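# Fold and contact review
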Amino acid sequence: MAVTLEDAPWLGWILVKALMRFAFMVANNLVAISSYICYVIILQPLRLLDSKRFWYIEGIMYKWLLGMVASWGWYAGYTVMEWGDDIKAVSQDEAVMLVNHQATGDVCTLMMCLQDKGLVVAQMMWLMDHIFKYTNFGIVSLIHGDFFIRQGKSHRDQQLLLLKKHLEKNYRSRDRKWIVLFPEGGFLRKRRETSQAFAKKNNLPFLTHVTLPRIGATNIILSALVARQENGSPAGGDAKELGSKSKGLQWIIDTTIAYPKAEPIDIQTWILGYRKPTITHVHYRIFPIKDVPLETDGLADWLYQRFIEKEELLSHFYETGAFPPPKGHNEAVSREMTLSNMWIFLIQSFAFLSGYMWYNIIQYFYHCLF
């Protein structure tokens, strides 16, 4: 598309703004991540004396770091509208989020919309592709105890075994409550063709807006974390009594992310902010764990049904611009998610002041030693 003289000032401003945002992101990462690592190192004696308190403090810093990432999108005008069940009602219970996956911006969107859900972000464990281990945020996720999973048939059995061991070692010892999982095992654009071929071969529904989920990781999580009653049935919550405090995993939160015109946001857009302000829509549906079959075949059918429902939700959204109302209701109610500008200012100030403090401390000891 040709650029006219009238467009030149606007494009110039977009470029300058993108460069300024990128420079701020680099500085933000340098001070925040390095300060996080320094605090974790200095708090190691507390980890030995009071592990629970250590992981609580680490979780708070982790939440602040994710809040900084959320703020990059927030100030670019990328906001979130929430639909369906109110997940704040189960924020203190153990839960698994099953999320459709379209682009890298899905992760940023969740980082934003979960910030106002109490300590959910602080006590959350992410399951993400192993490539994220080698990003700037990889060291933080390694310390926090997130799990990096390698995709592909040749790695599948080994990765599931590693996931089981990881959950047994890190989930409850670090007081984790929520797990974020993308069951499709990859981005929609990369998996759609393969998924549709699999569906045709196995007489399953033909899906366009989502792909058929993979079962392995969900099966491992439920097997490892769902508490059992004496009769072997899962001890979970009751959909009518969200205040119940049963031990173990209690809820599955079926989470559907929708972008206007089916145009997802990627991490580059989130950082550089060159796309016009966009409202991303997130739909939640809460299922008590006692209603979820735990045997492999039953779980597979249950998961397939959830993604068939996601397909219907997204089809309705792309046609009307809104999610359909719940059964028994005439209209769907949306809730605008907001971030506190004062809170963002405070955590960013703390990050930059901490970076300055640690720089001076390290510089002092360097001069003393050399």
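Named according to an unreviewed UniProt entry, the chain is Lysophosphatidylglycerol acyltransferase 1 originating from Mustela putorius furo. Its UniProt record, at the heading Sequence similarities (unreviewed entry), says of the chain: "Belongs to the 1-acyl-sn-glycerol-3-phosphate acyltransferase family."

### Remarks on the UniProt feature "transmembrane region" (unreviewed entry) in the chain
In the numbering adopted here, UniProt assigns the feature "transmembrane region" (unreviewed entry) to residues 20-42, 54-75, 131-149 and 343-366. Across residues 54-75 one finds 95% helix and 0% strand; the C-alpha atoms that close the span lie 32 Å apart. Its end C-alpha atoms 9 Å apart, residues 131-149 is made of 37% helix and 16% strand.

### A short note on the pairing of strand β7 (residues 278-288)
Counting buried residues along β7, nine of its 11 residues qualify, which places the element largely inside the surrounding structure. When strand β1 (residues 78-84) meets β7, the two strands line up parallel, connected through seven bridges. By the bridge assignment, Val-80 is partnered in β7 with Thr-280.

### Comments concerning the UniProt feature "domain: Phospholipid/glycerol acyltransferase" (unreviewed entry) in the chain
Feature annotation in UniProt assigns "domain: Phospholipid/glycerol acyltransferase" (unreviewed entry) to the following positions: residues 95-219. Helix makes up 42% of residues 95-219 and strand 14%. Its end C-alpha atoms lie 14 Å apart.

### Section: the sheet that holds strand β3 (residues 124-129)
Here eight strands make up an open sheet; going across it, the order is β4-β3-β5-β2-β6-β7-β1-β8 and the pairing mixed. The sheet is open, and its two borders are formed by β4 (147-149) and β8 (334-337), each paired with just one other strand. Within the sheet, the average angular offset between the axes of one strand and its neighbour, ignoring direction, is 25°. Here four bridges tie strand β2 (residues 94-99) to strand β5 (residues 178-181), and the two strands are oriented parallel to one another. The residue of β5 that forms the bridge with Ala-95 is Trp-178. Here helix α3 (residues 51-74) sits on the sheet in contact with β1, β3 and β8, set at roughly 110° to β1.

Definitions and cut-offs
Residues numbered from 1 in each chain as written. Predicted model: local features only at pLDDT ≥ 70, side-chain atom pairs only at ≥ 80, totals over all residues. Heavy atoms only, no water. UniProt positions renumbered as here; feature names shortened; annotations may be inferred. Helix = DSSP H or I, 4+ residues; strand = E, 2+ residues; numbered from the N terminus. Buried < 20%, exposed > 50% of the residue type's maximum accessible area, 1.4 Å probe, protein only. Pairing = 2+ DSSP bridges. Axes fitted to C-alpha atoms, helices over the stretch in contact; angles between N-to-C directions. Contact = heavy atoms within 4.5 Å.

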